[in-house]
Amino acid sequence: MRAEFVARLAGLCSLALILGALGFQYIGHIAPCEMCHWQRWPHIATAIIGILGVVVMRDKAPMLAWACVALVVISGFIGLYQTGMQLGILPGPSACSGHRFVLGSNVVPEVQCDVVSWQLFGLSLAAYNAIFSFLIAGLAGLALLKGKNAP
């Protein structure tokens, strides 16, 4: 499979995840926490690189495709970390977890990173981001490796 196609497909998948997150935010009225935003940035970068970057720098498509894979993996790890926080396995940053007060303020952050605001089959949005991110990255990486061996 050509690297240009893999990069575009990864970019489109990341765009779909971003649009889904925005749908939950604006249509479902589920406010994102700080870590939710952290998970979005790699997908936004992947969408830009995968959809637009390969058009502008077609000769760099393999490098851009691998960059897309790496960015999606980063988002997956952030989602996995947040899932661990939500399950009480991992500690979270004090800025958005543990119902701590923000330094210099007496206001508790509105949306806590370690609180599950929506779930389906016992999995939070962070868990679904991790699952889909690792699936996208794994399939894209496999396609790139297979394409390398093709004549």
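Owing to the predicted nature of the structure, the values given are computational and were not obtained by experimental measurement.

Caption draft 1: Spotlight on helix H2 (residues 34-56). Between its terminal C-alpha atoms H2 stretches 32 Å, which fits the 33 Å expected from 23 residues at 1.5 Å a residue. Within H2, the axis deviates most sharply at Ile49, by approximately 35°. Those residues of H2 not exposed but buried are Met35, Gln39, Arg40, Pro42, His43, Thr46, Ala47, Gly50, Gly53 and Val54.

Caption draft 2: Molecular detail of the pattern of salt bridges. What the rule picks out here adds up to two salt bridges. For the salt bridge of Arg2 with Glu4, the shortest nitrogen-to-oxygen distance reads 3.1 Å. One salt bridge in this structure joins Arg8 and Glu4, with 3.1 Å as the shortest N-O distance. In this pair, Arg8 and Glu4 both sit in helix H1 (residues 3-26), four residues apart, roughly one turn of the helix. By relative accessible area, which is 9% here, Glu4 ends up buried. Three or more residues are tied together by salt bridges with common partners; here these are Arg2, Glu4 and Arg8.

Caption draft 3: Region of interest: the side chain of Gln25. Within the secondary structure layout, Gln25 lies in helix H1. The class for Gln25 is buried, based on a relative accessible area of 17%. At 2.7 Å, the side chain of Gln25 and the side chain of Arg40 are in polar contact. Not counting chain neighbours up to four residues away, the residues in contact with Gln25 comprise Ile30, Pro32 and Arg40.

Criteria and thresholds
Residue positions are counted from 1 within each chain, in the order its sequence is given. Where local features are concerned, this predicted model is filtered to residues with pLDDT of at least 70; where side-chain atom pairs are given and counted, the filter is 80 or more; whole-chain, interface and lining totals use all residues. Working from all heavy atoms in the structure, the side-chain values ignore hydrogens and water. Strands are runs of DSSP state E lasting at least two residues, helices are runs of H or I lasting at least four, and both sets are numbered from the N terminus onward. The span one expects for a helix is its residue count, reduced by one, times 1.5 Å. Two axes define the bend at a residue: one fitted to the seven residues ending there, one fitted to the seven starting there, and the bend is the angle between them. Burial status follows relative accessibility: with a 1.4 Å probe on protein chains alone, a residue under 20% of its type maximum counts as buried, one over 50% as exposed, and anything between as partly exposed. One speaks of a salt bridge when a side-chain nitrogen belonging to Lys or Arg is within 4 Å of a carboxyl oxygen belonging to Asp or Glu. Whenever a nitrogen or oxygen atom comes within 3.5 Å of another N or O atom, the pair is scored as a polar contact, on the condition that within protein one atom can donate a hydrogen and the other can accept it, and that pairs from neighbouring residues in sequence are kept only if both atoms are in side chains. Only heavy atoms matter for contacts: two residues are in contact if any of them lie within 4.5 Å across the pair.

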